[in-house]
Structures are given as C-alpha cells and as structure tokens.
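# Fold and geometry: a report
Now for the letters of each chain:
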Amino acid sequence: MGLPPTQVWTREQIATRILAGDTLFVLHGNLVRVPPSWLSAHPGGHLSILHFVGRDATDEVEAFHSDETLQRMRGFIIGRAEMGEDGWVPFVPPIANGWVRRVGKEGKMEWYNEARPIKSDEDSELSPASQILLMKKTEETAECGPTLSMLQTTPNKLSLKNEKLNSDAYKELHKRIIDAGLYKTRFITGYGPEFVRYTLLALISAVCYRHGWLMTSALFLGLFWQQLTFFAHDLGHVGVTHDWVRDRLISIFVADFLGGLSIGWWVNNHNVHHLVPNHPSHDPDIQHLPFFAISPVFLKSLWSSYYKREMTFDAFGKLFVSMQHKLFYVVLSLARFNLYANSYGYLAKTAFEPKRYRGGRWWWWAEVFCLGLFFLWFGAILKGCGSWQKALGYLLVSHIAASPVHVQIVLSHFSRSTADLGPVESFFARQLRTTVDVICSPRIEFIHGGLHLQVTHHLFPRLPRHNLREASLLVKEFAKERGLEYAEFGFVEGNGEVTGVLKQVADQIKIVGIVADSEIREAMKS
C-alpha cells in the first residue's frame, strides 16, 4: 500500500465537508474519510463511528482494532489534518445535536433531524456547560442540516493541553501493555479452568434433571449461563483468538445456541456503551426507563440515539422509579427476559441490512439457526418437566440463577458520573471518570469473570480477561501520575452506592411531588 495523501486540510475545510455529509475523523494527525458503503458495513456498527465525526479518535480506534485492521484503515486517509499546538481541536459530532444521514425521498442521502438538542444553561457537576442532551422533536426544525455553530464546542473546565497529555499518557500505557505481552491469551492456564467449570456446571444440571431434581438442575443451568456470559463477552471483544471470524463463530455457538441470546446485538450495543459510557442520550447500557433512572436528567423524557425513541417518563415510569432502590434486585433477577427481547428485536431489524465487511450475511443466518436450536433443546427441557407449574418453576429458577451477572454489570457504572464533558475530554479520562472496579480476591475472581476490573477492560477492551489484573497495576500507576481517579470499591459497598444513587433519584420524584402539591394548595387558597 502506498503512502497516504499529503494534502493538509484546514479546520474550515473539514467543517465544510462534515456539513456536506462526509464522515471524517482524525487518526494520528491524518484525516480519515469513511465512505457511506463502509459506514453501513462496519463490523462494529455505524453509531460507533458517528460519535467521533470531527474528533481525534486515535485512542479509541487503536483500543478497538487490531494492527491488521489499522493498516487497512490507511486506505481511507485523504490527507493530514491541521493540528494545533495542543493537538486537534475537536468538533461536536452532528449526532450529538440530533442530526443523522438517511435516504431521502429522491433516493439520495440527506440530513435528518431525529431529535432536538438541549444544552446546559449552567456549569455544575451534574450539568456542565458542555453538556448536550437530546429530546424528542416537538416540531420540525427550520434548518435542513447541522450548522457550523453546532459543530463548535462549548468551553468548560477541561483544558485541551491537559487532555492531550492524558492522551499521550494513554498511548505510552498502551505501548507498555503490548510490550508486556498482555495481549497474548492464556489458553491453558486461563481458559483451561474455565472450560472445566463450564463442563461441570452443565453436567451437574443434566444429572439432576435426569434424576428428577428439577429445581436443582435449573439452578446449575442458570449458573452455567452466568459463567458463559463472561466467555461470550470476551469473544464479542475479539479477545480470545483475536481473529474476528473464529471468535464470532465460537460466540454464536456460546451465546445463541447455548444461551439463547444474540451476540450480534450484544456487540452492537456494547461497542456504543464503551465509546460513550454513561451518556444519558447515547449509552444504551444506562437507558432503562421505566424501571431505572440513575440520574435526574432521565426524568425529562430524553431521546435515545441508540434505540431511536423517546425514553418516556410517564406515570408507569414514575411509579417504578419512585421505588427503584427497593425493586433493584427484583427487576435484575428477571433481566434476562429483556435481553431476549433486545436480541430478537435486533435480528429482526437487521434482517435486510447490507452485508457487513466481516461476516457478510452468514453471521445473521448462523445466529437465527442457533437460536432455533436453542429453543428446541430448552423447549424440550421445559416440556419434560411434566407440568406447566414445574416448567414455569424451572424457567424462573434458571433465569434468576443467571441474574447475578446483571448486578455485576451495573455496579461498574450506575454510581459513576453521567455528565457530558464534551469531545475535548480524552478517552483515558472519560473511561476513568465513568467506570469503577470491584475489589475481590484473585481466588474468587472467576465469579466476576473479569467484570470486576472494568476500568482496565474499558481502556483495553481486546485484552484477554486473565491478563486484566496485571494490566490494572500499570493503569493505576499512570492514573496516579496524571492525577486521575482510579475508582474501586468492595462488592457490598458497591451495591450500597448503586442503591444509594437510585434512592437519590427516587427522592427527587417525591420532592417534586411535594412541591407540586404545595403549589396546588396555594393556588386553591388564592
């Protein structure tokens, strides 16, 4: 492959191209243009690219892609970006203001305003000056596309110079991780014991079922699913064999055939979560209305750029959220059923999408086929229970037994910041600000499946799970040098913090209700 073009693009030229509909981002000072055909074929989904239009995505791109993919990406470089003394001064991506591209009436791509932006009118910890949230449109906008002013960042307390230093520190940290050989998967000492554990749980469940001990069988099947979730998570990040095709084939067998869940949906969802963690309008992993609201901003009925719908805070949501700290474990015990809904909805939505660069269309057919096999074997198990009451009991016990993984997942983010500090914030700082580790002994960390080391995992998502503990020591060292918080708490303490956050939001509803009642009484008196 030849050398990339040497043309230097000014900020004005880049802004003009973005407003004209081009998908551009900066990579090591180079300007990368993503063709529309590639945007729809991107294995990681189009949203993971759209959130970085006009931004320096070097750290994010290198965290998520192999050297082979990075080399191929050079073919999309159209020149050099005009860099300032402190690096690239980012633009605000159009999607942050509710603007996306879609096919118009004449069959051509055009801008479409899917939501209206709500910008912060204060500069507080909860609502910084840079914050942009999305809400459902109440009327059609007069603009036919994003404007230059929409691309400009709102100044806040962050320093571009300091964030560049954070980015430089991350690059040095990543180099040390690579030099230490931590991307090498430990198949024997790492996954060997895991496969023994999976096999034992499955065998115990099968033996108990054969002897008629149905609820015990259901318990061990649930524990089997819980442990398999961690393996599917590793595979979804291409963190096992480090080959997309091999990891995807194995993950379809594990997630779809053995677990009844779509790995394609999970990867699409999870990539966005990793790139915009804890953003109320963009991160699907914290968008759980009507059951949970981890920040008062969700009480405004925000728009989800992932789900393409309003997260309506209605009477039903008000009832649940007012009790969310009390219903926390009850709701999570049944969360697997929501994963089924999201999985099958995603496969239905992607049934007629263009071929992906990786997997073409075979990934979709393989998932549908394996899900069909899942329903055959799990349906046969339920049918063999003998009565609908026993089948229902087996269904509930197996799904509740698998539910601790949902608690483990939300512990990593629910108590962390949901503020939008804008595109100036570095990848390194953003992941540390929005993520927390769970402290546990190495002897029992298999229970958490690597999810307890979420900070390091978010910084290096392709890193094999069994190397995270060693890598976390390096991350803590670099975070301390940069004056960044490396948050961690114990499992019990973490549960307390999360339920405490949920209670704070629930109390907000009560306070609003008390104020409203008081105003009504005053109005009636007058």
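Every chain begins its residue count from 1, and numbering advances along the sequence as written. Side-chain atom pairs in this predicted model are given and counted only at pLDDT of 80 or more, local residue features only at pLDDT of at least 70, and totals for whole chains, interfaces and linings cover all residues. No hydrogens and no water enter the side-chain calculation; it runs on all heavy atoms of the structure.

Further remarks concern the overall build of the protein. Note on conventions: DSSP H or I runs of at least 4 residues are helices, E runs of at least 2 residues are strands, and numbering of each starts at the N terminus. Along the protein, the regular secondary structure elements total 21 helices and 12 strands. Scaling as 2.2 N^0.38, a compact globule of 526 residues should have a C-alpha radius of gyration of about 24 Å, and the protein matches this with 24 Å. A principal-axis box enclosing the C-alpha atoms of the protein has dimensions of 80 × 75 × 55 Å. Three exposure classes are used, based on accessible area relative to the maximum for each residue type with a 1.4 Å probe and protein chains only: buried under 20%, partly exposed in between, and exposed over 50%. Counting across all 526 residues of the protein, residues that qualify as buried make up 55%. Partitioning the intrachain contacts of the protein with sequence separation of at least 6 by distance along the chain shows that 71% fall at a separation of at least 24. Per-residue and other accessible areas were derived by the Shrake-Rupley procedure at a 1.4 Å probe size, with only the shown protein chains allowed to occlude residues. Within the structure as shown, the protein displays about 24,100 Å² of accessible surface, and the carbon and sulfur contribution to it stands at 62%. The protein carries 54 positive and 51 negative side-chain charges, and their two centres are separated by 6 Å. Here the radius of gyration uses the C-alpha set of atoms, whereas the globule reference equals 2.2 Å times the residue count to the power 0.38. Working rule for contacts: check all heavy atoms of both residues, and any pair within 4.5 Å makes them a contact. Here Asp and Glu are counted as negative and Lys and Arg as positive; His is not counted, and neither are the chain ends. Every charge is mapped onto a representative atom, which is NZ of Lys, CZ of Arg, CG of Asp or CD of Glu.

Expected helix span is given by 1.5 Å per residue-to-residue step, counting one fewer step than there are residues. The first and last C-alpha atoms of helix 16 (residues 388-401) sit 20 Å apart over 14 residues, in line with the 20 Å expected at 1.5 Å per residue. Here helix 16 has its buried residues at Ala391, Gly393, Tyr394, Ser398, His399 and Ala401. Against helix 8 (187-210), helix 9 (214-236), helix 13 (324-333), helix 14 (335-349), helix 15 (362-383) and helix 17 (404-411) lie the buried residues of helix 16.

As a further point, take the sheet that holds strand 2 (residues 23-27). Only strands joined by at least two bridges in the DSSP assignment are considered to pair. Pairing in this open sheet of 4 strands is mixed, and the strands run 1-4-3-2 from one edge to the other. The outermost strands of the open sheet, each flanked by one partner alone, are strand 1 (8-9) and strand 2. For strand 1 and strand 4 (residues 77-81), the ladder comprises 2 bridges, and the chain directions are parallel. Across the sheet, Val8 pairs through a bridge with Arg80, a residue of strand 4.

To continue, consider the side chain of Ser415. Of note, Ser415 is situated in the loop between helix 17 and helix 18 (427-434). Setting aside chain neighbours within four positions, we find Ser415 in contact with Phe489, Glu497, Val498 and Val501.

So, on to the environment of Gly45. Mapped onto the elements, Gly45 comes out in the loop between helix 2 (36-41) and helix 3 (47-50). For Gly45, a relative accessible area of 6% gives the class buried. Considered as a pair, Gly45 and Arg336 are 291 residues apart in the sequence and their alpha carbons are 23 Å apart.

Attention shifts here to unusual backbone geometry. Residue Pro290 follows Leu289 across a cis peptide bond; omega there is 15°. Here Pro290 shows up in the loop between helix 11 (263-275) and strand 9 (303-304). A positive phi angle is found at His28, which is not glycine, with a value near 55°. Structurally, His28 is set in the loop between strand 2 and strand 3 (30-34). Of note in the backbone geometry, His242 takes a positive phi value of approximately 65° without being a glycine. Relative to the helices and strands, His242 resides in the loop between helix 9 and helix 10 (244-258). A relative accessible area of 30% places His242 in the partly exposed class.

Below, the discussion takes up a nonpolar patch on the surface. A surface patch of nonpolar side chains, amounting to about 540 Å² of accessible area, comprises Leu334, Phe337, Trp388, Leu392, Leu396 and Ile400. A total of 4 residues in the nonpolar patch trace back to one element, the largest contributor, which is helix 16. Its relative accessible area of 39% is what places Leu392 among the partly exposed residues. The patches described consist of residues with a relative accessible area above 30% and no salt bridge, like charges being joined within 9 Å and nonpolar side chains (Val, Leu, Ile, Met, Phe, Trp, Tyr) within 5 Å. Every case where a carboxyl oxygen of Asp or Glu lies within 4 Å of a side-chain nitrogen of Lys or Arg is listed as a salt bridge.

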